[in-house]
Amino acid sequence: MHSILDAALQSARPFLSKGKVAAYIPALNRANPDQLGVAVCLPDGSSFSAGDAGVGFTIQSISKVFTLVTAIRSLGRDRVFERVGLEPSGNPFYSLVQLEYEAGRPRNPFINAGAMAISSLLPGETSSIRLDVVAGGMSELCGRELSINVDVYSSERDTGNRNKAVGFFMKHFDIIEGDVTVAVDTYFRSCSIEMTCLELARAGLFLSNHGVDPTSKQRILEQHDVQWINSLMTTCGLYDASGEFACRVGVPGKSGVGGGILAIVPGKMSIAAFGPALDEKGNSIGAWKVLEFLSAEMGLSLYA
Ligand code: GLN
């Protein structure tokens, strides 16, 4: 496995110079575009990694998966999907246009609007309590007490006017429950959770193991809920590039503008790849190429 991971990094490296780090969140603009790492976790407890797999990065939109997991665990799936849909948006993750046509109801949990709507349902009066609920569950899964990157959080909180507009817009339609500023701030905090590839792959492993965390043997979600999350990752996890990711990689995935992509191979493994250089849709070029290589080499596509 180690040699295949090294080969995957080597195949991806030439593409890094085609990307740019996220500049619209000022603190992310300082990321190093040459970094590249990958980690694989198997249900038998073994893990493998290469490159910058031990470097911490903010998970950004990958947090939307764990926000959804937390909400389903505490409220049940029906309650969550009263607020958000199950369809790809075909639009950028930050877009407002569709929301106006569709009475403020986000198309899916993995666009910013969807994650903010779900953040409004989480238990806890304040955004820091809600963050603790989300990050607490993830910490148990990855075996380390996680925290947010305060620089990145403050940077997005101080500049994230479009996300705030999306939040207030949804509040107008009563899609956001309770205080909209708490929901938006919970979202910003969740996006700033800092993890390494190895930790992220560990945290996602239960999604490839029918809902059970193989390390603790604890059931995190029912199998039918995992089926929904993996399906949504397939159709919506890479925003308006989800179709292409399905063709080229062929497994459920979720990306973030911090440069990470979490990929789930149902029944087989979880993979987290990281490289801060992004394509024009906000997906990590390096992480995508690493996953594309691994999928081809190990025959991982679900559609082959
Ligand atoms: N925090 C980022 C934002 O809301 C997350 C976006 C992303 O990772 N695609 O813009």
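Here goes a summary of the coordinates provided. (Residues numbered from 1 in each chain as written. Predicted model: local features only at pLDDT ≥ 70, side-chain atom pairs only at ≥ 80, totals over all residues. Heavy atoms only, no water.)

**Side note on the pattern of salt bridges**
To be explicit about the condition: One side-chain nitrogen of Lys or Arg within 4 Å of one carboxyl oxygen of Asp or Glu is enough to make a salt bridge. A run of DSSP states H or I qualifies as a helix once it reaches four residues; a run of E qualifies as a strand once it reaches two. Both are numbered from the N-terminal end.
Overall, the coordinates contain eleven salt bridges when judged by the stated rule. With a shortest N-O distance of 2.8 Å, Glu102 and Arg107 are connected by a salt bridge. Across the pair Lys289 and Glu292 runs a salt bridge, and its minimum N-O distance is 3.9 Å. On the criterion of helical spacing, the pair formed by Lys289 and Glu292 is a turn pair, its members being three residues apart in helix H13 (residues 285-298).

**A look at the packing of helix H6 (residues 127-142) against helix H9 (residues 180-191)**
Note the threshold: Here an axis means a line fitted to C-alpha atoms, over the contact stretch when the element is a helix, while the angle between two N-to-C directions is reported on a 0 to 180 degree scale. Throughout, the term roughly parallel applies to angles under 35 degrees, roughly antiparallel to angles over 145, roughly perpendicular to angles from 65 to 115, and oblique to all others. Take the far helix as your reference; a near helix turned counterclockwise from it by less than a right angle gives a left-handed crossing, and one turned clockwise gives a right-handed crossing. Any two residues whose heavy atoms approach within 4.5 Å at even a single point are treated as in contact. In this count, Pro and Cys sit with the nonpolar residues alongside Ala, Val, Leu, Ile, Met, Phe, Trp and Tyr, while Asp, Glu, Lys and Arg are called charged and the others, Gly among them, polar.
Axis separation between H6 and H9 bottoms out at 9 Å; the angle between their running directions is 45°. The angle between H6 and H9 places the two elements in the oblique class. Note that H6 runs across H9; the crossing there is right-handed. For the pair H6 and H9, the contacting residues are Ser127, Ser128, Arg130 and Leu131 in the first and Val182, Ala183, Asp185, Thr186, Arg189 and Ser190 in the second. Taken together, the residues of the contact of H6 with H9 break down into three nonpolar, four polar and three charged.

**Describing the packing of aromatic side chains**
Cut-off, in case you're wondering: Working definition: rings of Phe, Tyr and Trp (its six-membered ring) pair if their centres are within 6.5 Å, and the pair is stacked with planes under 30 degrees apart, edge-to-face with planes over 60 apart, and tilted otherwise. Exposure classes here rest on a 1.4 Å probe applied to the protein chains alone. A residue is buried below 20% of its type maximum, exposed above 50%, and partly exposed in between. Two conditions define a charge sitting above a ring: the NZ of Lys or the CZ of Arg must be within 6 Å of the ring centre, and it must be within 35 degrees of the ring normal.
Applying the stated criterion to the full structure yields seven aromatic pairs. With a centroid separation of 4.8 Å and an interplanar angle of 50°, the aromatic rings of Phe93 and Tyr239 are classed as tilted. Separated by 146 residues along the polypeptide, Phe93 in the loop between helix H3 (77-80) and helix H4 (97-101) and Tyr239 in the loop between helix H11 (223-236) and helix H12 (242-248) bring together distant segments of the chain. Pair check on accessibility: Phe93 and Tyr239 agree, each one buried. Within the aromatic cluster, the residues linked to one another by ring pairs are Phe93, Tyr94 and Tyr239. The side chain of Arg77 reaches across the aromatic face of Trp228, ending 3.7 Å from its centre. Lying over the aromatic face of Phe15, Lys289 brings its terminal NZ or CZ to 4.4 Å of the ring centre.

Worth remembering: the numbers are spatial, not functional.
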